[in-house]
Amino acid sequence: MRVCVIGTGYVGLVTGACLAHIGHDVICIDNNEEKVKLMKSGQSPIFEPGLSEIMQSAINSGNIQFSSDLPAGVAHGEILFIAVGTPPLPNGESDTRYVEAVARGIGENLNGGYKVIVNKSTVPIGSGDWVRMIVLDGIAERQKTLIPAGGSSVEEKLPEISAQFDVVSNPEFLREGSAVYDTFNPDRIVLGGNSLQAIGMMKDLYAPIVERKFAADQSLPPVPVLVTDLSSAEMIKYAANAFLATKISFINEVANICDRVGADVTQVAKGIGLDSRIGNKFLQAGIGWGGSCFPKDVSALIHTADDYGYEAQLMKAAVSVNERQRLIALEKLQQALKILKGKTVGLLGLTFKPDTDDLRDAPALILIEQLNRLGAKVKAYDPIISQTGMRHGLSGVLVETDAERLADSCDALVLVTEWQQFSTLDYGKMAKLMNHAVMIDGRNFLDPEVMVRAGFQYVGVGR
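Conventions and cut-offs
Residues numbered from 1 in each chain as written. Predicted model: local features only at pLDDT ≥ 70, side-chain atom pairs only at ≥ 80, totals over all residues. Heavy atoms only, no water. Salt bridge = Lys/Arg side-chain N within 4 Å of Asp/Glu carboxyl O. Buried < 20%, exposed > 50% of the residue type's maximum accessible area, 1.4 Å probe, protein only. Helix = DSSP H or I, 4+ residues; strand = E, 2+ residues; numbered from the N terminus. Core = buried A, V, L, I, M, F, W, Y, C linked by side-chain atoms within 4.5 Å. Contact = heavy atoms within 4.5 Å. Phe/Tyr/Trp six-rings, centres within 6.5 Å; stacked < 30°, edge-to-face > 60°. Lys NZ or Arg CZ within 6 Å of the ring centre and 35° of its normal. Polar contact = N/O pair within 3.5 Å; in protein donor to acceptor, adjacent residues only side chain to side chain. Axes fitted to C-alpha atoms, helices over the stretch in contact; angles between N-to-C directions. Parallel < 35°, antiparallel > 145°, perpendicular 65-115°, else oblique. Left-handed = near helix turned anticlockwise from the far one by under 90°. Nonpolar A, V, L, I, M, F, W, Y, C, P; charged D, E, K, R; others polar. Disulfide = S-S within 2.5 Å. Pairing = 2+ DSSP bridges. Right-handed = clockwise from strand over helix to strand, strands pointing away.

Where charged atoms from two side chains of opposite charge come close, those side chains can pair. Within this structure, the stated rule accounts for 21 salt bridges. One salt bridge connects D358 with R360, and the closest N-O pair in it is separated by 2.8 Å. When its relative accessible area of 43% is taken as the criterion, R360 is described as partly exposed. Residue E418 pairs with R443 through a salt bridge whose shortest N-O separation is 3.6 Å. Taken together, the residues span a long stretch of sequence, with E418 in the loop between β12 (412-415) and α18 (427-433) and R443 in the loop between β13 (438-441) and α19 (448-453) at a distance of 25 residues. With a relative accessible area of 28%, E418 lands in the partly exposed category.

Bringing the nonpolar core into the picture now. Of all hydrophobic cores here, the largest spans 43 residues; its most connected members are F81, V116, M202 and Y206. Broken down by element, this core gets its largest block of residues, 8 residues, from helix α9 (residues 196-210). Leave out the neighbours within four places in its chain, and M202 touches I79, F81, V116, V118, V168, N170 and L191. Of all hydrophobic cores here, the second largest spans 29 residues; its members include V345, L359, V378 and A412.

A full pass over the atoms with the stated rule returns 5 aromatic pairs. A ring pair is formed by W289 and F294, whose centres lie 6.2 Å apart and whose planes are at 75°; its orientation type is edge-to-face. There is no split in this pair, since W289 and F294 are both buried. When the ring of Y427 is compared with that of F456, the centres are 6.2 Å apart and the planes differ by 80°; the resulting orientation is edge-to-face. Here Y427, found in helix α18, pairs with F456, found in the loop between α19 and β14 (457-459); they are 29 residues apart in sequence, far enough to count as distant. Among the residues examined, F456 registers a relative accessible area of 4% and is labelled buried. One cation-aromatic arrangement involves R132 over F165; the distance from NZ or CZ to the ring centre is 4.8 Å. Geometry around F173 places R188 over its ring, the cationic atom sitting 3.7 Å from the centre.

A separate point is helix α2 (residues 33-40). In this structure N32 caps α2, since a side-chain oxygen of it lies 3.1 Å from the backbone nitrogen of E34. Positive phi shows up at G42, right after α2, with a value of about 90°.

Our next topic: the packing of helix α14 (residues 328-337) against helix α15 (residues 363-373). Between α14 and α15, the least distance of the axes is 9 Å, while the angle of their chain directions is 40°. If you check the angle between α14 and α15, you find them oblique. Between α14 and α15 lies a crossing of right-handed hand. Facing A329, L330 and L333 of α14, the residues of α15 in contact are L367, Q370 and L371. Tallied by class, residues from the contact of α14 with α15 come to 5 nonpolar, 1 polar and no charged.

Looking now at the side chain of D95. With respect to the helices and strands, D95 occurs in the loop between β4 (79-82) and α5 (97-109). Overall, D95 belongs to the buried group, its relative accessible area being 9%. Within the structure, D95 has its side chain in polar contact with the side chain of R97 (distance 2.8 Å). Once you skip the residues sitting within four places of it in the chain, D95 turns out to touch G85, T86, P87 and L89.

Turning to the state of the cysteines, a few remarks are in order. Evaluated as defined, the whole model comprises 0 disulfides. Residue C18 stays outside any disulfide, its sulfur separated by 10 Å from that of C28, the closest cysteine. A relative accessible area of 1% means that C18 is categorised as buried. Here C28 falls in the buried class, since its relative accessible area comes to 1%.

With that out of the way, let us pick up the pairing of strand β2 (residues 25-29). Counting buried positions along β2 gives 4 out of 5 residues, so the element sits mostly inside the fold. Here strand β1 (residues 2-6) runs beside β2; their pairing, made up of 5 bridges, is parallel. Directly across from V3, in β2, lies its bridge partner V26. Of the crossover connections in this fold, the one passing from β1 over helix α1 (residues 10-21) to the parallel β2 is right-handed.

Within the fold, R260 resides in helix α10 (residues 230-261). C-alpha separation for the pair R260 and S41, spaced 219 residues apart in sequence, amounts to 55 Å.

At a minimum axis separation of 9 Å, α10 and helix α13 (residues 313-325) run at an interaxial angle of 55°. As far as their axial angle goes, α13 and α10 are oblique. In this structure, α10 meets α13 at a crossing whose hand is left-handed. Together, A242, T246, S249, N252, E253 and N256 of α10 and L314, M315, A318, V321, N322, R324 and Q325 of α13 make up the contact between the two elements. Across the contact of α10 with α13, the residue classes tally to 5 nonpolar, 6 polar and 2 charged.

Attention now goes to the pairing of β4. Neither face of β4 is left uncovered, since the one carrying I79 and F81 and the one carrying L80 and I82 both have all their residues buried. Bridge analysis of β1 against β4 gives 4 bridges, and the strand direction is parallel. The residue bridging I6 from the neighbouring strand is I82, located in β4. Direction of pairing for β4 relative to strand β5 (residues 115-119): parallel, over a ladder of 4 bridges.

Written out as structure tokens, the structure is:
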């Protein structure tokens, strides 16, 4: 099938590359010329395991191309994915201006032939009908330039053209760091819309994935495809992320109680996770959640509830717990070192989670800010940020090139991101390089006994 993906961030680029990999004819559109040039060379502008290989394979097979030419993309695609960012505004509402610009651009360039316009961006509930309206506005703008003086009115032309497209909501459930895997091995595919033709085309598009032809385990039954109305599909995305964020905040709340009563939250999490009604995922206590999805989506859902006269108290509490949890590492540093002014603290990890280069709303940023405020010197080592030289506008922190340089002359280390590489570091050597061998394990990732044998004073979260 001919596919156009507009926006090449984490969602758009992974979606486009994976659809090309399974045999579709894909064009990815982005208005950043430098980014397009980079992607044409086969390089990914983001770090995502497996993505560069998928891109290179698709380029070699001729199944994918990259361009900044939106009219060409709209002309090419029978299915048009809107996959641009919807960053949060200061009030928690989603900023949909990029979605609006793309929808208007699609309308201005629709030119015969039936199209399915797919909302892949995480958009406020009700956006499906809004996107349709914006596309129609774009069509109307184009027609104003096409209709000669004294010709037919825009209104007379609109019904004829508006019947040539439908809008579908197809939320993504990709985890940064395993987005390629998640695309080929989804738990479910959600399609929201009221057009049988559009839903049928989307099912055809995803057929190879539904049939597990590219899955890690091809013997599994077909991927469930849930067909809903537009608003329900949009709500599913928000509800899923809000639930997962709440689950993390819950176990962090339990961890804080464990700290006070002498229980071990890792054992508690294992005990409740064995209950099939609860499950063991997202029960890892630590210094809170971050990234580009949970904070934005929970805030947007709270804002939507407020718009409709409902106070989402549980979700507000999850956010409040998370904000407090980000300061737990700071409290533990103060307990271990007392005065932080003049001390040197090293951060193991900067990104909000492992296997990504994404620093958006990362807990490390709050920690750096607060440590600077208290007069501490901050150093950091991150396997990706340090290696690539990307600083993402970081300030108030010295980024080291390896873990031993990080440890040198530090008064304490804080494990911020649970990179797998951190399980095999030479902690005995690192401890000897430090002024005070204190380890605050912000993810309960390290083995306390191993760390004590290496010479560290080990402090976990809820342990």
